[in-house]
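Residues per chain are reported as follows:
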Amino acid sequence: MTLHRLRLQGFRNLEDATLELPAEGVALVGANAQGKSNFLEAIHYLEIFRSCRGTRDTRLIRFGEDFFRLEARIGPGASSVPEPGGDAPRSRSVAAAVQRAGPIKKVTVDGEEPPRIGDALGEMGSVLFTPDDVRLVADGPQERRRFLDIVLSVNAPGYLEALQRYRQVLAQRNAALRDRAPRATVEAWDPLLAGAGARVLRMRAAWVRAGAPTFRSVVEEVSGGERGVLAYQPGVPGGPGAPGNPGTPGSGAFPAVQPDEHEAASIDAPWGDWFAGALREGLEADRRRGTTLIGPHRDEFTMGLEPDGEDPAPKGGRDLREYGSGGQKRTAALALRILEAETVLRRRGRPALLLLDDVFAELDADRSERVLGLLDRTAAGQVVLTAPKDADVRFRHDRLPRWRISGGRIETGGEGG
Amino acid sequence: MSALDELVREFGRLPGVGPRTATRLVYHLLRGRREDAHRLAGAIEALLERVRPCSRCGTFAEADLCEVCRDPSRERSLVCVVEGAFEVQSIEKTRRYRGLYHVLGGRLSPLDGVGPDDLAVAALAERIESGQEGIVEVILATSPSVEGEATAVYLEGVLRPLGVRVTRLARGIPVGSDLEYVDGSTLAEALAGRREVRAETPAQAVGADHEDMLLRE
């Protein structure tokens, strides 16, 4: 999708404005703390309907205002290819508003409120790259689970529902464990936990498996030869190699066409059996510890580098979180975002709208050059990037139109370099 | 607090009644005939005085046993387990069910501190074990929420060893609704539980002997 028009009202420090965006994108140039990141946050808000920085909705309302409202007009861009037999891409409007009193949040697509906000996720098809992404590699596993949850909620039908159900059942089961409830009272939650958890496990595993080759090649290209390894480590013991192991290739590859519900239920079944069996075996340990010790809430996916030569290295390569340099971690984080963009492309049949927030700031010159080359070739769609100085805008051979931002006020009409 | 405000507050605590409606109701009572208000007060008094849980199934009754439990034409081998007495009334309105009931008084929810001991589970097991009613099948009609499902799983574990057949209400698309307006997860359930167009009824499919009783019109 291409973002044609963005209307901003009462959002952070940004001045109210209606902006027409060029189909190829735009480079927003301005000093720090002028609102560059807020601008990208506003666009991405319409993709995930929450702040990409984890800020509470009401805190996004500009000081002294009662509400904020964002509206995007999106539609086929110059680069959109009509899908054979698919829907012709058409123009749509996506809007979100939050009112301080209440607070009330309202999301609309083409003027209509969807039954659940979750139903409107992913309309923009945007992927945001920020310097903070390095935390995906450097921080604890919950950061990576959060990343997976957002990517899959937006791009895999049925994932968000399964995840929410899983969390609800897990909270109940943990409450029973905490209360030292009798065995049968705890076990009553297990079929539900295994049922919802099976789908979460399956979809996460499929995504990682499908993305591993891309991850490897992106890391290789950006780093100039290092081979990246992306590996899924389910929070359920057993796993690959276990009887009826669901991790065999071909079992529900992602993100090919999603199976219908009946088919999905039968693909989930071996995962559910596996998880249910592990819950049975772990029940006494769970009861002793007063909490559920296994399950997708303990999932991890690791990023590593394959060592040169015959070095014995742990499965999954040398863990970047522990052993990676700053540059290696940033490269891995970037590769994850490129994977996300690839997911959007496969799911939507259209290139993702790339939002690049000063991404080259912390990469060394060699890596930056290679990232530029990579993005230039893979990002066929619209790009909105920010940079503190004109000299930092090197994307697409400086052809992107320039906008300036100062004190939250955006000046359009600048010339490309 | 004035008597007027107090009644507004009491009405306001009823389900579905907001402060505006509560105020309107109170002014309506004040404006109307005094005997109407007395009759309302009397009806509430009588309700509290006369209505209590049925000693067998737990639904509301004006005698030791409720009307359903007293009705000799009801099928005694069939018990439908519901979360609350309100659901009994809903199922009765269908006039399609001829068995008896058992009211749990809630559903499992450890987060709210509700465990099996807070529900009428022991009483249900007792009804089955005593053999007085000759219960053969228990229909679990708890709600299809996460908590209702877990309650059903729990009950199944308790009841199956007692040698009764345990069944669960089917889930799917509401009769007379338009597919377009059915939410995704209901549609998904309905797809997963689809059946042949002109085959046996689902009750027969699982080998029910009670089909004629269930479907008697």
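Refer to the structure printed above.
Residues numbered from 1 in each chain as written. Chains lettered and ligands numbered in written order. Predicted model: local features only at pLDDT ≥ 70, side-chain atom pairs only at ≥ 80, totals over all residues. Heavy atoms only, no water.

> Requested: an account of the overall build of chain B, with residues and values cited.
For chain B, the count of helices and strands is 10 helices and six strands. Here chain B has a C-alpha radius of gyration of 21 Å; the compact-globule value for 217 residues is 17 Å, and the former is much larger. Here chain B holds 217 residues, and the buried ones make up 32% of them. Taking the contacts inside chain B whose residues are at least 6 apart along the sequence as the reference set, 50% of them involve residues at least 24 apart. Total accessible area on chain B is roughly 13700 Å²; 54% of this is exposed by carbon and sulfur atoms. (Helix = DSSP H or I, 4+ residues; strand = E, 2+ residues; numbered from the N terminus. Rg over C-alpha atoms; globule rule 2.2 N^0.38 Å. Buried < 20%, exposed > 50% of the residue type's maximum accessible area, 1.4 Å probe, protein only. Contact = heavy atoms within 4.5 Å. Areas by Shrake-Rupley, 256 points an atom, 1.4 Å probe, with all protein chains shown as cover.)

> Please provide a residue-by-residue account of the packing of helix α6 (residues 190–223) of chain A against helix α9 (residues 326–348) of chain A, values included.
Residues and elements named next belong to chain A. Two elements in contact, α6 and α9, have axes separated by 9 Å at closest approach and are oriented at 130°. The orientation of α6 relative to α9 falls into the category oblique. The element α6 and its partner α9 pack so that their crossing is right-handed. Along the contact surface, α6 presents Trp 207, Gly 211, Thr 214, Phe 215, Val 218, Val 219, Val 222 and Ser 223, while α9 presents Thr 331, Ala 332, Leu 334, Ala 335, Leu 336, Ile 338, Leu 339, Glu 340, Glu 342 and Thr 343. (Axes fitted to C-alpha atoms, helices over the stretch in contact; angles between N-to-C directions. Parallel < 35°, antiparallel > 145°, perpendicular 65-115°, else oblique. Left-handed = near helix turned anticlockwise from the far one by under 90°.)

> Could you give an account of the nonpolar core, with specific residues and numbers?
Residues Phe 215, Phe 275, Phe 301, Met 303, Leu 336 and Leu 354 of chain A together with Leu 159 of chain B are the most contacted members of the largest nonpolar core, which totals 106 residues. Considering every element that reaches this core, the biggest residue donor is α6 of chain A, with 15 residues. Ignoring any residue separated from it by four or fewer positions in sequence, one finds Phe 275 of chain A in contact with Tyr 166, Leu 193, Ala 194, Gly 197, Ala 198, Leu 201, Val 236, Ile 294, Gly 295 and Pro 296 of chain A. (Core = buried A, V, L, I, M, F, W, Y, C linked by side-chain atoms within 4.5 Å.)

> Pulling in residues and values, what's your account of the interface of chain B and chain A?
Between chain B and chain A, the contact holds 17 residues from the first and 20 residues from the second. When the area that chain B buries against chain A is broken down by residue, the three leading residues are Pro 110, Leu 111 and Val 146 of chain B, summing to 36%. For the pair chain B and chain A, the number of links is zero salt bridges. Scanning the region where chain B abuts chain A turns up four residue pairs in polar contact (both at pLDDT 80 or more). Secondary structure elements with two or more residues in the side of chain B that touches chain A: α7 (146–159) and α8 (184–192) of chain B. Of all the elements, α7 of chain B adds the most residues to the side of chain B that touches chain A, at six residues. For the side of chain B that touches chain A, the per-class residue count stands at 11 nonpolar, three polar and three charged. (Buried area = accessible area lost by both parts, 1.4 Å probe. Salt bridge = Lys/Arg side-chain N within 4 Å of Asp/Glu carboxyl O. Polar contact = N/O pair within 3.5 Å; in protein donor to acceptor, adjacent residues only side chain to side chain. Nonpolar A, V, L, I, M, F, W, Y, C, P; charged D, E, K, R; others polar.)

> Can you explain the packing of aromatic side chains? Please cite residues and give values.
Residues and elements named next belong to chain A. Taken as a whole, this structure holds nine aromatic pairs over all chains when the rule is applied. Ring geometry for Tyr 166 and Phe 275: centres 6.4 Å apart, planes at 40°, overall tilted. Pair noted here: Tyr 166 is in helix α4 (residues 159–178) and Phe 275 is in helix α7 (residues 261–289), with a separation of 109 residues, a long-range link. Each member of the pair, Tyr 166 as well as Phe 275, carries the same accessibility label: buried. (Phe/Tyr/Trp six-rings, centres within 6.5 Å; stacked < 30°, edge-to-face > 60°.)

> For the pairing of strand β5 (residues 92–99) of chain A, give the residues involved together with the corresponding values.
All names here are of chain A. Burial analysis of β5 places six of its eight residues in the buried class, the great majority of the element. With eight bridges joining them, strand β4 (residues 67–75) and β5 adopt antiparallel strand pairing. Paired with Ile 74 across the two strands is Arg 92, which belongs to β5. Counted along the chain from β5 to the antiparallel partner strand β6 (residues 104–109), the turn is four residues long, and its residue Gly 102 has a positive phi close to 120°. (Pairing = 2+ DSSP bridges.)

> Could you give an account of unusual backbone geometry, with specific residues and numbers?
Residues and elements named next belong to chain A. The residue after Gly 102, namely Pro 103, is reached through a cis peptide bond having omega -10°. Relative to the assigned elements, Pro 103 resides in the loop between β5 and β6. Its identity as a non-glycine residue notwithstanding, Ala 33 has a phi of 65°, on the positive side. Here Ala 33 lies in the loop between β3 (25–29) and α1 (36–48). Although it is not a glycine, Arg 180 sits at a positive phi angle of roughly 55°. Topologically, Arg 180 is positioned in the loop between α4 and α5 (183–187).

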